[in-house]
Amino acid sequence: MPRVPVTFPDLTLEQLRQRMKAHGVRQLLVKELSANDNSKNQPYLGGDMNVANILPVGDVRAEVTAKGNESLKAPLQFWWLQPEDGIALAPHAQLILYPQYPEVRLSGFLKGATGAPNDLMNVRQAGRFLFMGITGDRQIVAWATAPDSALAREIRALGELERTGIFSIVPLAAGAQTTREQLLAELRRIHLLDWIDSRRMVGPGAYVPCEAPQCVGYTLEAELGVVTNGRAEPDFLGWEIKASEVSAFGRPPAAKAVTLMTPEPTGGYYRTDGVDSFIRKYGYVDKKGRVDRLNFGGTHRTGERHATTGLTLMLAGYDASAGKITNPTGSMALVDDTGAIAAEWSFASLVSIWNRKHAQAAYVPAEARISMGRQYRYGAQVQLGTGTDIERLLRAIAAGTVYYDPGIKLEGASAAKSTIKRRSQFRIHSRNIIQLYHAFEACSVI
């Protein structure tokens, strides 16, 4: 059955903004397309893995074709704005990552999609614009426009826009500040509030008191209008917000270990035989004398055999000298003296996990007091990191800067039914966080 041509309106920029916001878009990105950026050649999204920390992706999988071509594929919840109203899913949209080059392509964005701009995205034509709006629930809402459209002219007239990776950021309101300027303005307002009662935001305009140690982050989120929802990435206009307590603003922050992620292994003895068997084989009797308890812990760095567990953290399919993945099906693994894999994390799983880390992050110091109930005040000197990706993470793991520091335990080890606590965490020293970003700068909000 022949395809019925679809007529697309020549939206103004304000109309596009309103339609994007109506579908929950919180950040609007745009890329000017080259002639080769079409459905056949697949639009080029960068010569590094940075885009995987800008666009929200699903569970990444490694793939090897019949010809032996290796890649990582990351599904997208990708929707096209419809010509009249509403949105329609592009069910096959995905990123194809070639970390060995490196290169990232957008694929499958027209296949099976109703009301998609097929005529525009199937041709070789420079100067088209592809818009991608990111929603709060990790969806992408897209629109494309021709080089000679009114919308294209308006985008060009905006001049130099704020950048994130290969994309430009289009303000969601006419004349709005950049996201960086808006973030710093909000942090200035919060700094000037001085002491703030500890609280969490549980819904629009709804707050509850907070008395837990992590309230330093929840309270800052609440002031920024972010609802506490258990996600790993508190989000403000595309920025990850990280607050931490200091003894006093005038003193250098205390050096401490920062937990980056807590991924469960995807392979090895840990998965095939279970956590109980893993601890009994590679763990040790509790060193504090707690009865009938086995532990698996200690700092494991790449290439260093751990004296207690007998395991060595290794990277397979990664070239440390070149700083890139050479085999997308590779992994990070704990290996015993016989060469057996005790626990393993595939590169695909690490890309999925690291995608939850935003490409931009703000680190905010805070003082705490409890004399009048738990309260916080937030400092004027903040740090902004921009541009993180899986390559920077693996580079830090290879160097031993990021290390595996588990806290796995088996209580009641001799009982018929023992209790297992899982905690596979990767950590970094606070002074080394700078190594995870392309740029890291100190800023004053006043």
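A. Summary view of the overall build of the chain. Counting its secondary structure elements, the chain contains nine helices and 32 strands. What you see for the chain is a C-alpha radius of gyration of 24 Å, in line with the 22 Å of a compact globule of 446 residues. Here the C-alpha coordinates of the chain stretch approximately 75 × 65 × 40 Å along the principal axes. By the burial criterion, 51% of the 446 residues in the chain qualify as buried. Pairs at least 24 apart in sequence give 67% of the contacts found in the chain among residues at least 6 apart. As displayed, the chain has an accessible area near 20200 Å², and 50% of this comes from carbon and sulfur atoms. Taking the 51 positively charged and 44 negatively charged side chains of the chain as two groups, their mean positions are separated by 3 Å.

B. Up close: the nonpolar core. Grouped together as the largest cluster of nonpolar side chains are 78 residues, with contacts concentrated most on L55, F78, W80, L95, L334, L394 and V402. Those residues in contact with L95 that lie beyond four places of it in its chain are L45, V51, L55, V57, L72, K73, A74, L76, V104, R105 and L106. With 24 residues, the next largest nonpolar core counts L187, C215, I241 and V445 among its residues.

C. Region of interest: the sheet that holds strand β7 (residues 103-107). Taken in spatial order, the four strands of this open sheet run β2-β3-β6-β7, and their pairing is antiparallel. Looking along the sheet, the strands with just one partner apiece sit at the ends: β2 (61-64) and β7. The mean angle between the axes of side-by-side strands here comes to 30°, regardless of whether they run parallel or antiparallel. Bridging between β2 and strand β3 (residues 70-75) involves four bridges; their strand directions are antiparallel. Its bridge partner lying in β3, V64 is registered against E70.

D. How the structure looks around the side chain of S198. Examined against the element boundaries, S198 turns out to sit in the loop between β12 (196-197) and β13 (199-203). The class of S198 is buried, set by a relative accessible area of 6%. If near-sequence neighbours (up to four positions away) are discounted, S198 is found in contact with P209, C210, C215, T219, R374, Q375 and Y376.

Conventions used here
- Residues numbered from 1 in each chain as written.
- Predicted model: local features only at pLDDT ≥ 70, side-chain atom pairs only at ≥ 80, totals over all residues.
- Heavy atoms only, no water.
- Helix = DSSP H or I, 4+ residues; strand = E, 2+ residues; numbered from the N terminus.
- Rg over C-alpha atoms; globule rule 2.2 N^0.38 Å.
- Buried < 20%, exposed > 50% of the residue type's maximum accessible area, 1.4 Å probe, protein only.
- Contact = heavy atoms within 4.5 Å.
- Areas by Shrake-Rupley, 256 points an atom, 1.4 Å probe, with all protein chains shown as cover.
- Lys, Arg positive; Asp, Glu negative; His and termini not counted.
- Charge placed at Lys NZ, Arg CZ, Asp CG, Glu CD.
- Core = buried A, V, L, I, M, F, W, Y, C linked by side-chain atoms within 4.5 Å.
- Pairing = 2+ DSSP bridges.
- Axes fitted to C-alpha atoms, helices over the stretch in contact; angles between N-to-C directions.

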